Amino acid sequence: MVKPKVKILLAYFKPTYLFKNDLLIPVHAGRAVAMSESRDGFLTPEQIKWMQKNTIGDDSGDNISRLNRNFCEMTVQYWAWKNFDAVGNPDFIGFMQYRRQLILSSLGKDIERNNHDRCYSMFTMSSPDKRYLDLMGLSEKNVLSLLQKYDVVLPRLSDFSLINLKDIREDFTARIEGTKLKDYENFIAYVKTADEDFGNFMEQLSYKPKKYLYMSMITSKKIFMEYAGFVFPILSGFNRILDVSEYSPNGKRTIAYLGELLYSAYFQYMIEKKGMRAYEANVMMVQNTDGDQESLWKMRCRYFGYYLLSKVCAGEKRRQFKQMRKAYRQKLKNSLPMTVNGKKI
């Protein structure tokens, strides 16, 4: 019997800690616009080289990579939908972000959280090290075991009443900077023209405080293809009439935030109306992702070496070595002991 294949695509926007193994595939979200300014500024030539070396791009074949400043990590989902063979044509496919990942283990179950973290179904990890993926349960064996029992793995449903928001309409306008209620309402009306029953369901959800966040999932190829075939025609159509030209940098991401609402409503609908079996997981928010996999010993040696060189050299060389010393000082700062919500692991 041939073992099913599973792949999880991690959306990367910049060089950071590289999560990569037989299961995880780092993908550069927005490679087609890598040279242009994002909300976080410009990538340097060195950073672009790192991305080209360590990730695959979302700009091959049929793609919307050029729209990444609006669609955010959804450009990776679109690319996978239209170029599934480029991912290896797996039986199961998943999507997460480089700093927000589904916890598929018991990690964090005994750690208390405040209402903010409970709302977002989130734990916070500092300075991941080589143990991270095993502690998270992010292995092919573990994922396939879950998918024998469930149709989809999703983040735990977020409850915004825990942070005193009455419903997801208020979340859209009060929590997310730069968005406008009229776009939310126009989007619901547009969805109704595509599928009236689903649109009515989505409108009812608008007045409730719960939704799925992070655009994360792990599911079968069939379910993903059905999901993508439903959401992207709606989003592409609405994006053609959505004008964000005068919006703030974050407001220009309105279609991505609406996409997250559509993603959430789609799976809530499938679970409630169609009997889809979902496993809900907590989410790990990874801090200090600017660290890398260099050993602490090597980083200390390099820092000390650049320190000495910056003292004995002069002119331009001295300036360069001082910059390298500063960079390694930051790496050492980011390489603190791995903790979850402040508790050492």
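Since the structure is predicted, the reported quantities are computational estimates derived from the model, not experimental observations.

Brief notes about the overall build of the protein
Piece 1. A tally of helices and strands in the protein yields 13 helices and 14 strands.
Piece 2. In terms of overall size, the protein behaves like a compact globule, its C-alpha atoms giving a radius of gyration of 21 Å where 345 residues would be expected to give roughly 20 Å.
Piece 3. Residue burial in the protein is summarised as follows: out of 345 residues, 50% are buried.
Piece 4. Considering only intrachain contacts with a sequence separation of at least 6, the fraction spanning at least 24 residues in the protein is 77%.

A short note on the environment of K20
Piece 1. Tracing the chain through its elements places K20 in the loop between β1 (6-12) and β2 (24-28).
Piece 2. A C-alpha to C-alpha distance of 23 Å links K20 and N63, two positions 43 residues apart in sequence.
Piece 3. Among residues more than four places away in sequence, those in contact with K20 are P26 and N54.

Side note on the side chain of S220
Piece 1. With respect to the helices and strands, S220 occurs in strand β10 (residues 217-220).
Piece 2. Other than its neighbours up to four places away in sequence, S220 contacts D91, F92, I93 and D151.

Considering helix α8 (residues 181-194)
Piece 1. Here α8 contains 14 residues, and its C-alpha end-to-end distance of 20 Å stays within 8% of the 20 Å for a straight helix at 1.5 Å per residue.
Piece 2. Along its buried surface, α8 packs onto α7 (168-175), α9 (196-205), α10 (221-239) and α11 (254-274).

Details of the sheet that holds strand β11 (residues 278-281)
Piece 1. Strand order in the open sheet formed by 7 strands is β3-β2-β1-β4-β10-β7-β11, with mixed pairing between adjacent strands. Looking at the sheet topology across the chains shown, the edges are occupied by β3 (56-57) and β11.
Piece 2. Pairing geometry for β2 and β3, over 2 bridges, is parallel. Bridging from a neighbouring strand, V27 pairs with I56 of β3.
Piece 3. Sheet contacts for α11: β7 (152-155), β10 and β11; angle to β7, the most-contacted strand, approximately 130°.

Notes on the sheet that holds strand β6 (residues 122-126)
Piece 1. Pairing in this open sheet of 5 strands is mixed, and the strands run β5-β12-β6-β13-β14 from one edge to the other. A strand with exactly one partner marks an edge of an open sheet, and here the two such strands are β5 (100-102) and β14 (343-344).
Piece 2. As judged from the 4 bridges shared by β6 and strand β12 (residues 283-286), these two strands associate in the parallel manner. Bridging across to β12, F123 finds its partner in M284.

Examining the nonpolar core
Piece 1. Counting residues in each nonpolar core, the largest one holds 102 residues, and the members touching the most others are L9, F224, Y227, L262, F267 and M284.
Piece 2. Element by element, the count of residues in this core is highest for α11, at 11 residues.
Piece 3. Setting aside anything within four residues of it in sequence, one finds L9 in contact with I25, V27, V76, W79, A80, V87, I93, G94, F95 and M96.

Here's the deal with the pairing of β2
Piece 1. With 5 of 5 residues buried, β2 is to be regarded as a mostly interior element.
Piece 2. Side chains L24, P26 and H28 of β2 all project onto a buried face; the interleaved residues I25 and V27 project onto the opposite face, where all are buried too.
Piece 3. Relative to β2, β1 runs parallel, the two sharing 5 bridges. Across the sheet, residue L10 finds its bridge partner in β2, namely P26.
Piece 4. What joins β2 to β3 is helix α1 (residues 45-54), and the crossover it makes is right-handed.

Comments concerning a nonpolar patch on the surface
Piece 1. A cluster of nonpolar side chains, namely F304, Y307 and L308, defines an oily patch on the protein surface of about 280 Å² accessible area.
Piece 2. Tracing the backbone through its elements, the reader meets Y307 in helix α12 (residues 296-312).

Calculation notes
Residues numbered from 1 in each chain as written. Predicted model: local features only at pLDDT ≥ 70, side-chain atom pairs only at ≥ 80, totals over all residues. Heavy atoms only, no water. Helix = DSSP H or I, 4+ residues; strand = E, 2+ residues; numbered from the N terminus. Rg over C-alpha atoms; globule rule 2.2 N^0.38 Å. Buried < 20%, exposed > 50% of the residue type's maximum accessible area, 1.4 Å probe, protein only. Contact = heavy atoms within 4.5 Å. Expected span 1.5 Å × (residues − 1). Pairing = 2+ DSSP bridges. Axes fitted to C-alpha atoms, helices over the stretch in contact; angles between N-to-C directions. Core = buried A, V, L, I, M, F, W, Y, C linked by side-chain atoms within 4.5 Å. Right-handed = clockwise from strand over helix to strand, strands pointing away. Patch = residues over 30% accessible without salt bridge, like charges linked within 9 Å, V, L, I, M, F, W, Y side chains within 5 Å. Areas by Shrake-Rupley, 256 points an atom, 1.4 Å probe, with all protein chains shown as cover. Salt bridge = Lys/Arg side-chain N within 4 Å of Asp/Glu carboxyl O.

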